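# Descriptive analysis of the structure
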Amino acid sequence: MLHCPQTIREGAVAVKKGTIQLDQPSPATTMYSPMQGVVEPVTDHGDYSSEDASPLDRTSALENPNLPSVIDDDPHVASSRIETLPEAGSTTDQVEDSVAIHARAYQVEMFEKSLEQNIIVVMDTGSGKTQVAVLRIQAELEKSSDKIIWFLAPTSALCQQQFRVLKSQIGAAQIKLLGGADNYETWSDARIWDDYLKNVRVVVSTYQILLDAISHAFVHLGQLSLIVFDEAHNCVKKHPGNKIMERYKVCKSNGVPCPAILGLTASPIMKSNLKGISIIEQSLDAVCKTPTIHREELQCAVKRPTLAFVVVPIPGSPPPTKSMNDLASAYRNIDIYQDPYVLGLRDQATEKSKIMLGKILEKQDTFTMKQIKSMYNKATAIHKGLGPWAADYFLYEAVTQFLDSLNRNLTWFDTWDLEERRYTAKALQGVEVKPPQPFEKTGVLDTSAKFNALVQELQSAPDDIRCIIFVEETVTVFVLAHMLSATPSISNRFRVGTLIGTSSYAARKRDIGELNQVKGVQHLEDFRTGKLNLLVATSVAEEGIDVPACNLVVCWNSPPNVKSFIQRRGRARMENSRIILLLEDSSEQHQVWLELEGVMKRCIEDDTRVAHELEELEALDTNPNISPLIIASTGAQLDFDQAKSHLEHFCRKISSKQYIDSRPYYITEQIGSSSDGHPMMNASVQLPPSLPQAVRRVKGLGQWYSEKNAFKDAAFQAFKALYASGLVNDNLMPLFDDVPEGVETRSSVVEVNGLWKPWQKVAQLWEHRDEREQREVLLKDGNRVMAKFQASLPCHFPRIPPFSIYWDTENTWTVEISEHRHHVSACNLREDQSAALIDLAYGHRWLSEDLPHILHLRCTEQIGFRQHVGRWAAEESTLGPEFVVRNGVGRAHLFLEWLPCMPPPALVGKIENDNEDNLDDAPWLAVKNWPRRQDLLHPILQSPEPRNEPGKYTSKKYPHILPASHCTVDTIDRSKAYFGSIIPSVVHMLEIYLTAEELCRTTLKPVAISDNSLVVTAISSRAAGEATDYESFEFLGDSILKVLATVSVMIQRPHCPEGYLSAMRDHIVSNARLCRASVEKGLDRFILTNRFTGQKWRPLYIKDWVSADDKTSDKRNMSTKTLADVVESLVGAAFLDGGMEKALACLRVFLPEVEWYGLVDAHMRLAGGRNIVTQLHPDHEPLEDLIGYTFRNKALLMEALTHTSWGLRTSADMSMERLEFLGDTILDRVVVSALWAHEVQLSNKRMHLIRTACVNADLLGFLVMEWNTTQETTEISPTDLVTTVSQNPVPFWKYMRQRSAHVVDAQVATEERHAAERDAILDAIAHSPEYPWAKLAHLNIPKFMSDMFESLLGAVWVDSGSMEICAQIVERIGILPYLRRMLSDDFIVAHPKNKFGELAAKDLKIVRYETTVQMKDGVKDLICKVFVDEQLIVEVSGGVNPEEIVTKAADEAYHMLLVRGNDVSDEMMIE
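Treat the numbers as computed from the prediction; the structure is a model and nothing was measured.

### Remarks on the overall build of the protein
- A tally of helices and strands in the protein yields 45 helices and 46 strands.
- Split into buried and exposed, the 1471 residues of the protein put 55% on the buried side.
- Taking as baseline every contact in the protein between residues at least 6 positions apart, the subset at least 24 positions apart corresponds to 75%.
- Summed over all atoms, the accessible surface of the protein reaches about 63,800 Å², with 50% contributed by carbon and sulfur.

### Quick look at the side chain of Asn-887
- Structurally, Asn-887 can be placed in the loop between β34 (884-886) and β35 (892-899).
- For Asn-887, the side chain forms a polar contact with the side chain of Glu-912, separated by 2.9 Å.
- Those residues in contact with Asn-887, other than ones at most four positions away along the chain, are His-893, Glu-912, Leu-962 and His-966.

### Some words on the side chain of Arg-858
- Tracing the sequence through the fold places Arg-858 in strand β32 (residues 856-858).
- The side chain of Arg-858 is buried and forms no salt bridge, while Glu-831, the nearest opposite charge, is found at 4.5 Å.
- Within the local environment of Arg-858, its side chain forms a polar contact with the side chain of Gln-862, the two groups lying 3.1 Å apart.
- Setting aside its immediate chain neighbours within four residues, Arg-858 contacts Phe-789, Gln-790, Arg-830, Glu-831 and Gln-833.

### Some points on the sheet that holds strand β24 (residues 679-686)
- One open sheet accounts for three strands, arranged β23-β24-β25; its pairing is antiparallel. Where the open sheet ends on each side, the last strands, each with one partner, are β23 (665-673) and β25 (697-699). Within the sheet, the average angular offset between the axes of one strand and its neighbour, ignoring direction, is 25°.
- Summarising the sheet, β24 and β25 pair through three bridges and their orientation is antiparallel. Note that in β25 the partner of Gln-686 across the bridge is Arg-697.
- Sheet strands in contact with helix α23 (residues 707-724) are β23, β24 and β25, and its direction is about 40° off that of β24.

### Describing the pattern of salt bridges
- Overall, the coordinates contain 56 salt bridges when judged by the stated rule.
- With a closest N to O distance of 2.9 Å, Lys-243 and Asp-639 form a salt bridge. Placement of the pair is Lys-243 in helix α6 (residues 240-253) and Asp-639 in the loop between β22 (637-638) and α22 (643-654), with a sequence separation of 396 residues.
- According to the relative accessible area criterion, Asp-639 is buried, its value standing at 10%.
- Connected through salt bridges with shared partners, the residues Lys-238, Lys-243, Arg-247, Asp-639, Asp-641 and Lys-712 form a single ionic network.

### Structural notes on the environment of Cys-795
- Of note, Cys-795 is situated in the loop between β28 (784-793) and β29 (803-806).
- Considered as a pair, Cys-795 and Arg-772 are 23 residues apart in the sequence and their alpha carbons are 6.6 Å apart.
- Aside from chain neighbours lying at most four places away, what touches Cys-795 is Val-762, Leu-765, Arg-769 and Glu-773.

What counts and what doesn't
Residues numbered from 1 in each chain as written. Predicted model: local features only at pLDDT ≥ 70, side-chain atom pairs only at ≥ 80, totals over all residues. Heavy atoms only, no water. Helix = DSSP H or I, 4+ residues; strand = E, 2+ residues; numbered from the N terminus. Buried < 20%, exposed > 50% of the residue type's maximum accessible area, 1.4 Å probe, protein only. Contact = heavy atoms within 4.5 Å. Areas by Shrake-Rupley, 256 points an atom, 1.4 Å probe, with all protein chains shown as cover. Polar contact = N/O pair within 3.5 Å; in protein donor to acceptor, adjacent residues only side chain to side chain. Lys, Arg positive; Asp, Glu negative; His and termini not counted. Salt bridge = Lys/Arg side-chain N within 4 Å of Asp/Glu carboxyl O. Pairing = 2+ DSSP bridges. Axes fitted to C-alpha atoms, helices over the stretch in contact; angles between N-to-C directions.

This is the structure in structure tokens:
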């Protein structure tokens, strides 16, 4: 019902008011689809474009429900920032959190229609379209058990809301929410998708995610039974929803089973063109349906607000304020030729920079000029909309904020270039801005009529009001909110908050006019909970965000289209709600909104002239009809419109190094005109120079009216070229995402097979094999043989090197097993004496049996079972040092002395008299305890004093005495008992060597390792406590694996950039891959992890092991690092046994999928096929003298010197990246070889520390800066004209070929720091007993300095194939001489943080570092505080980066704590 407008005059403001009751649509405004589905005529659809963002890279802050909040500087105004706006042109229904949803009759009606055909449900916002989808999903779950239902929504926030609703209502069916937080962009393997979707029935995601999955053939439409398109009106033109349906239609036309389609929307059209209904129906292969049978119930369920309009006078063009005039003057006085961006482009002098410079000068729009112009335009809009006070307030806040950020070195504008900040600040310093008068003191002329009208409306609103004010501009949000909060009549009733949307692009430069600062309050949530009751918002609150219903919506600006109006109207769903339009005094605009409510056919479009012209040009381009790139093997495809974003994604992936711009750039070329006179163009795209020359520049094939389509064409052809070159895989993903282990993760501990035991097999051979192998076993004390036995096995008897027996703290013996073995037939083998020997040593501990033992032992003497134990009484005539004395319970002791009577107790450590007899005058025996240990393979880590009892030591004359009458004496030499005691140790050594032999016989058979002791070392973890462990072998094997993996990937991928090579090598050498190889090859069964203690050892009787259960199913837990390390240690063992060939054989066993090459073969392959250059430019000839090597192919040297910024203009040009990738491993190999060759064996930890120190980029960079050629210069004396010739140094780093102003700046700054600090560092390298970590870090040398040396080393190896020559270069630059200094025992190599941490940990103290930035005299200073148990130890300043300042602080704290500890020790000595 239309009410006549009435005029209200209040003060100086004249406004007209009118209200329109938004009743249900009249029959005249109801339309019917061709399929008889009744819909309301709403909007056509706007264009969707994904040109500016790769679908593979999209992330959204809306995926995080805990959004950060921001507020304006005004303490009275609260603000929430939503990081990502919804798709342009989308309409989003509100999803309430309530899970108790019950289907109404009209919802059931729509559900039943969806079962008959594909439909688009058209119902009002708030009518419950989601419940229709729930009913349909539930039905589909019942119908299909092996297919997936996919629910699509336009934004991540809406996905989360819909996921909660669906999850609460679909019961036990597994539902997943797939979003950016899952890092799905890295899922480059179909296996990952299959694993993710296993047993999943419903997936909720954005449109783009499903499109990506289908495009890359990770998900096929045949896998889906139903797709639900929420906000279905979006799915036209280039929207990903329409792209999905294009694939759907291809499948359908080919007879492939396709899923059912269900669309949900409140508005099937976007603009006034009613053809949008048929367009969306064709796009989704569905028909629009709205309830007809139960339409009346739908009308009752939807509460529409009353529409009111307030017409305010047209403000005209008010005169600008003084601040605005000053800003305009500052803009006009800008000298574009002094703009830092223009100067930078001129200095670069490249093809790209010249093109860009021409465009900038032609358009007169540098970034700085755009910023100032934009700020002026914002001030003008605010002046017009809010009044002069608002414009001055905005300019004061914006200019002051910007200048303060520069003067105080704040981070608000850190994304700006420093010179641009200074240049802009210089321009703004001429703008006189003053704080405007307090808003409370303003008059009616200081504010606009529109603002005053808004205040009147809010003043007259009911008390229980909840209001949202929609505005167009972000800056208006904050200024308007500030003004409302400062208006007493408003602030007394309303608690004001703000809600805006921002770009999620992290590198976006901040605009000067952005007044908001990030704070910690979430005011969107406050509005939900009622803490705020007025929200000033941009269109972000229209859709996609869970904004609760309210009872007043105010449109500060007219909604831009019908869709926007419908969505804003949908926010006002409470009883007696109103929507107010603040309209300017224009009868035409007034009529628009009258028609809008009546028939919703018209919309207000505000396209700019330039955008309109571009659209016209694009319209001139006929449908390119370019066939998509389709990969038959996977079904992946890429079309014309997707290519540009995919190409940008690829370029970002190939390099992320500092000073390298990897973005593609496009060059257009006018190639004539069409028949109608319009100019036609073609485009080429320039790709990063790290790519092969053949694909660095690709030209489009077509001729185009618009630049946009020309760029698409070039991008499409470039992507096809990348695929043809093998740089993109069959899923059309960058090869960087194709690394098989890229997403593999493993827990730190896994369950593996139990340790393989040889004894069951040996026991069976005792019964079934007639031949025995025999070796002689000797127990020796120095050169004296204490005992000698023949040991026999029914299998191969491995050669075991001599090993030590730690009898006690005073005696260490040796067991030697003969090198030669003899073969003896079973019938000639004499009786086994193992049981008798074991009984001699351990018979008093456990009950032993006279049975054949696994290890057959025999000596020349006859030793009967239990025929010699305690057979004689202890008498003086029968005792001697060669006999064993036993106490009353049979425990063995070593006889020391006959005592005629008991000595004084003061001389005795222990008196043993179990019967407590009075034997003071009877004879006693002084004895020494027989060791109770069964593990004699490890030293006793206790006091070296004589042992009396376990855990007790004595220095008394008689450690232990026994009554002679209670003792007996063995009738056999004690050496036999000694030998019996070592049997557990001998059997253990035999076991581990048999284990190693089995490993060599099975898994390692192709390697043919001849020295089993190397294998024993390689499979022994440190926890096993064997004489040797794998750690040093792992250190060696790691280096070998790294260099061989490096040359392998370089050969296999001759054209791939360093980034991919690095990822591929990292996959090969990763712990995850090596761990998996270890388990797959069964290596886990042979790894020794448990320490031999002998405590549970018992005799290994043949009968027990023949009948023993099979233990192959036993499991144990093992560290994944151990599993990986043993693979590398076996590579090291193979190398030590047979050089690089056996190391390669070992790698082929464990990593068979890799094509391995020997270094000789690799050198020939990498050196071959290159353009040969035999002559150097004279300027570079001194380099060969410097490095001491003459290149055969000079092109390699030039490649090693070429930074990626050089430009690579010829086919022979290559950048240093691939050679640096190789040189890194060559340097590592040279350093490791030097450490391994050291005459004194180094601990694994020390080798790691020294290697890390030698290859440290800071050290390499410093040595590069010290490495100089000489250049002859001459000077003529002005007096006598005598010529003076001198040799001046030219640093090696100056030979780098580069064209980057940033690189030059970094070089200059580094040179200055080097000049100031080099003497101290040189002195430390030459004389200090510590590695100068902190001093080197403070130089802050750019990594390209060390990269330059590593690339040189790689070039030398490719040219010569000689590690020795490379080692000579490492010697010449100074690394190996410094390494030899580090090898001294007292040289401290550990990093300061490690040293300090270990020192503090000795006292169980906790270390904490706190890094802050402070301003000193206008200069930013980096400061680090070090706390130990929260006590401040040291504070250091002057840091150049966080890592350096922490290193410096740790170094000072370490020495300070060290001095304190020494002072305490000195004080204790004095006391």
